[in-house]
Amino acid sequence: MQTAAPTSDAATRKRYYDTIAPQSLAPLWEVLKGLVPPEPRSKAVPHVWSYSKIRPLLLEAGKLLTAEEAERRVLVLENPALPGQSRITPSMYSGVQLVMPGEIAPAHRHTASALRFVLESDGGYTVVAGERTIMQRGDFVITPNGAWHDHGQEKDTPLIWVDGLDLHMINFFETGFMEHHNEKAQTITKKDEDSVARYGSGLVPMTGGSPFGMTSPIFNYRYEKSRAALMDIVGQGKPDAHLGYALRYANPLDGGWAMPTIATWLTQIPKGFETKDARCTDGRTIIVVEGEISAEIDGKTYRMGESDIGVIPSWAWSRIRADKDAIVFTFSDRAAQEKLGIWREEKR
Ligand code: 1HN
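Here is a short report on the structure shown in this document. (Residues numbered from 1 in each chain as written. Predicted model: local features only at pLDDT ≥ 70, side-chain atom pairs only at ≥ 80, totals over all residues. Heavy atoms only, no water.)

## Focus on the overall build of the chain
Stated precisely, the cut-off is as follows: Per the convention used, a helix needs a DSSP run of H or I reaching at least four residues, while a strand needs a run of E reaching at least two, with both numbered from the N terminus. Classification of residues uses two cut-offs on accessible area relative to the type maximum, computed with a 1.4 Å probe and protein chains only: under 20% is buried, over 50% is exposed, and between them is partly exposed. Any pair of residues with heavy atoms lying within 4.5 Å of one another is described as a contacting pair. In short, Shrake-Rupley with a 1.4 Å probe defines the accessible areas, and a residue's cover is counted only from the protein chains shown. Charged-residue counts in this description rest on Lys and Arg as positive and Asp and Glu as negative, His and the chain ends being excluded. Where a charge lies is defined by one atom per residue type: Lys uses NZ, Arg uses CZ, Asp uses CG and Glu uses CD.
Each helix and strand counted, the chain has eight helices and 22 strands in total. A total of 348 residues make up the chain; the buried ones form 48% of that total. The long-range share in the chain, meaning contacts at least 24 apart out of those at least 6 apart in sequence, stands at 75%. A total of about 17800 Å² of accessible surface is found on the chain, and carbon and sulfur atoms cover 55% of it. Once the 40 positive and 44 negative side-chain charges of the chain are each reduced to a mean point, those two points are 5 Å apart.

Printed below as a string of structure tokens:
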């Protein structure tokens, strides 16, 4: 077969590109390789934030402005490769939020779904769609898309948690709406633990659908319960080679992920155990709840202790060794990727 000779030189092509540009036209062949890479090349980099560094800086912000002034008093966890974009990974927002004693973070609602993973709380609460839940360390709390939510602290200690939001997915699709409530705190219309009674005991209502569409009707997955379940399976059979002992948070109505876009799970890794190398297309944020781990991400080792937060970008090889018995909470954009049929993983 004969190979076709180039038919034009670079200067001629450049003149052609200049001709078509004013018509809002561009040559695909100049950009095709970048548009369709052979495998994911994340714009994010691995990173670990030490809670002992975050905490005093966050408390300093507590003296700088009120939760009401700020609307949400949060230090954004910015991926070092994506400064100024409020992204921990390209698709996910994350930050560390502080509510000071006596404060209320005012009620609002938006299209983005949010999760809270509680780091410090003595009596802090959030109200979601008229139901109040007291938050404790390790609780995984959901604000479903479109649900009114306000947070408060009536005790005299700071209330601190990690936020994870799908807002870059929402903004990518240009589907975001936001509204402020006309009251600082929404009216509580439900009994405490109403959702737990209806959905959280292996029973669900005989009639009616989910109050939150595709999001779990349980909006506080209490650490006390999750930890007890996890610890009950520890030592029963071998840990998963790539995860350790792992349980995922599930929507009791359909068994799927608790949130439509964000996947969440909890793992226990026994001291001395090291997971095997794996990589997957979801960008993951990990929070050490208990113990100490060494996370090896793309060949670099990061030591992490309690409340430290780490990010593992899409398609980065990683493995975790527990230096002390460890419990790790993870959230990622896997739930959205699975719905689109594009999630992939590779294991060694
Ligand atoms: C939000 O609503 C909260 O409700 C926290 O606590 C962080 C970041 C961006 C947009 C909305 C909250 C947020 C947020």
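## Side note on empty space enclosed by the protein
Using the following cut-off: Only protein atoms enter the 1 Å grid used here. Points where a 1.4 Å probe fits but cannot escape make up a cavity, open sets with protein on both sides within 12 Å along at least five of seven lines make up a pocket, and a residue lines them when an atom lies within 4 Å of a point. Grid points are joined across faces, edges and corners, and a volume is the space filled by probe spheres set on the points. Side-chain classes follow a simple rule in which Ala, Val, Leu, Ile, Met, Phe, Trp, Tyr, Cys and Pro form the nonpolar group, Asp, Glu, Lys and Arg form the charged group, and the remainder, Gly included, forms the polar group.
With the rule as written, the count across this model stands at one cavity of 30 Å³ or more. Here the largest cavity defines a volume of roughly 50 Å³. Taken together, Glu131, Arg132, Thr133, Glu193, Ser195, Val196, Phe219, Asn220 and Arg222 make up the lining of the largest cavity. Secondary structure elements with two or more residues in the lining of the largest cavity: β7 (131–136) and α6 (194–199). Counting residues per element, the lining of the largest cavity draws most heavily on β7, which supplies three residues. In the lining of the largest cavity, the residues fall into two nonpolar, three polar and four charged.

## A short note on the environment of Ala197
Structurally, Ala197 is set in helix α6. Among the residues examined, Ala197 registers a relative accessible area of 55% and is labelled exposed. On a C-alpha basis, the gap between Ala197 and Val45 in space is 42 Å, while along the polypeptide they are 152 residues apart.

## Some thoughts on the packing of aromatic side chains
What characterises a pair of aromatic rings is the spacing of the ring centres plus the angle enclosed by the ring planes. Just so we agree on the cut-off: Aromatic pairs are defined between Phe, Tyr and Trp rings, using the six-membered ring for Trp, whenever the two ring centres lie within 6.5 Å; interplanar angles under 30 degrees are classed as stacked, those over 60 as edge-to-face, and all others as tilted.
The final tally for this structure, using the stated rule, is ten aromatic pairs. For the ring pair Phe140 and Phe329, a centre distance of 5.6 Å and an interplane angle of 45° mean the geometry is tilted. On the criterion of sequence distance, the pair formed by Phe140 in strand β8 (residues 140–143) and Phe329 in strand β21 (residues 326–332) is long-range, its members being 189 residues apart. Exposure class is identical for Phe140 and Phe329. Each is buried. With a centroid separation of 5.2 Å and 75° between ring planes, the pair formed by Phe172 and Phe173 is classed as edge-to-face. This pair shows no difference in class: Phe172 is exposed, exactly as Phe173 is. Taken together, the ring pairs connect Phe117, Phe140, Tyr221, Tyr249 and Phe329 into an aromatic cluster.

## Considering the site of the ligand
Applicable threshold: We call a residue near a given molecule or strand whenever any one of its heavy atoms falls within 4 Å of it. A 3.5 Å cut-off defines polar contacts: any pair of N or O atoms within that distance qualifies, except that in protein one atom must be a possible hydrogen donor and the other a possible acceptor, and neighbouring residues in sequence count only when both atoms are side-chain atoms.
Close to the ligand lie Arg72, Tyr93, Gln97, His108, His110, Arg116, His149, His151, Asp163, Leu165 and Leu167, which account for all nearby residues. In this structure, His110 approaches the ligand through a side-chain N or O atom, which is 2.7 Å from an oxygen atom. Within the side chain of His151, an N or O atom sits 2.7 Å from an oxygen atom of the ligand. The protein chains hide 83% of the 330 Å² of surface that the ligand would expose on its own. Those elements that place two or more of their residues in the shell around the ligand are β3 (93–99), β4 (104–110), β9 (149–152) and β10 (159–165).

## Description of the sheet that holds strand β6 (residues 122–128)
Where we set the bar: Here, any two strands with at least 2 DSSP bridges between them count as paired. Here, axes are lines fitted to C-alpha atoms. For helices the fit covers the stretch in contact, and angles between N-to-C directions go from 0 to 180 degrees.
The strand order across the open sheet formed by five strands is β7-β6-β9-β4-β11, and the pairing between neighbours is antiparallel. Looking at which strands have only one partner, the edges of the open sheet turn out to be β7 and β11 (178–180). Averaged over all pairs of adjacent strands, the angle between strand axes in this sheet comes to 25°, irrespective of strand direction. Here three bridges tie β4 to β9, and the two strands are oriented antiparallel to one another. Along β9, the bridge assignment pairs Ala105 with His151.

## Some remarks on the side chain of Glu103
Tracing the backbone shows Glu103 in the loop between β3 and β4. Of the residues examined, Glu103 reaches a relative accessible area of 13% and is grouped as buried. Among the polar contacts listed, one links the side chain of Glu103 to the backbone nitrogen of Ala67, at a separation of 3.2 Å. Here the side chain of Glu103 touches Met100 through a polar contact of 2.8 Å, landing on its backbone nitrogen. Beyond its immediate sequence surroundings of up to four residues, Glu103 is in contact with Thr66, Ala67, Arg73, Leu98, His151, Gly152 and Gln153.

## Thoughts on the nonpolar core
Convention followed: Residues belong to one nonpolar core when they are buried, are Ala, Val, Leu, Ile, Met, Phe, Trp, Tyr or Cys, and are joined through side-chain atoms within 4.5 Å.
Phe140, Leu266, Ile309 and Phe329 are the most contacted members of the largest nonpolar core, which has 40 residues in total. One finds Val48, Tyr302, Ala316 and Ile320 within the second-largest nonpolar core, a separate group that totals 15 residues.

## What about the pattern of salt bridges?
A side chain with one charge can pair with a side chain of the opposite charge if their charged atoms come near. Where we set the bar: One speaks of a salt bridge when a side-chain nitrogen belonging to Lys or Arg is within 4 Å of a carboxyl oxygen belonging to Asp or Glu.
The final tally for this structure, using the stated rule, is 23 salt bridges. Close ionic contact of Arg109 with Glu179 constitutes a salt bridge, the shortest N to O distance being 2.8 Å. Within this pair, whereas Arg109 is found in strand β4, its partner Glu179 is found in strand β11, the two being separated by 70 residues in sequence. Under the relative-accessibility criterion, Arg109 is labelled partly exposed at 27%. Across the pair Glu292 and Arg303 runs a salt bridge, and its minimum N-O distance is 3.4 Å. With Glu292 in the loop between β16 (284–290) and β17 (293–297) and Arg303 in strand β18 (residues 300–304), this pair connects stretches of sequence that are eleven residues apart. Here Arg303 falls in the exposed class, since its relative accessible area comes to 56%. Taken together, the salt bridges that share partners define one network made up of Glu292, Arg303, Arg321, Asp323 and Lys324.

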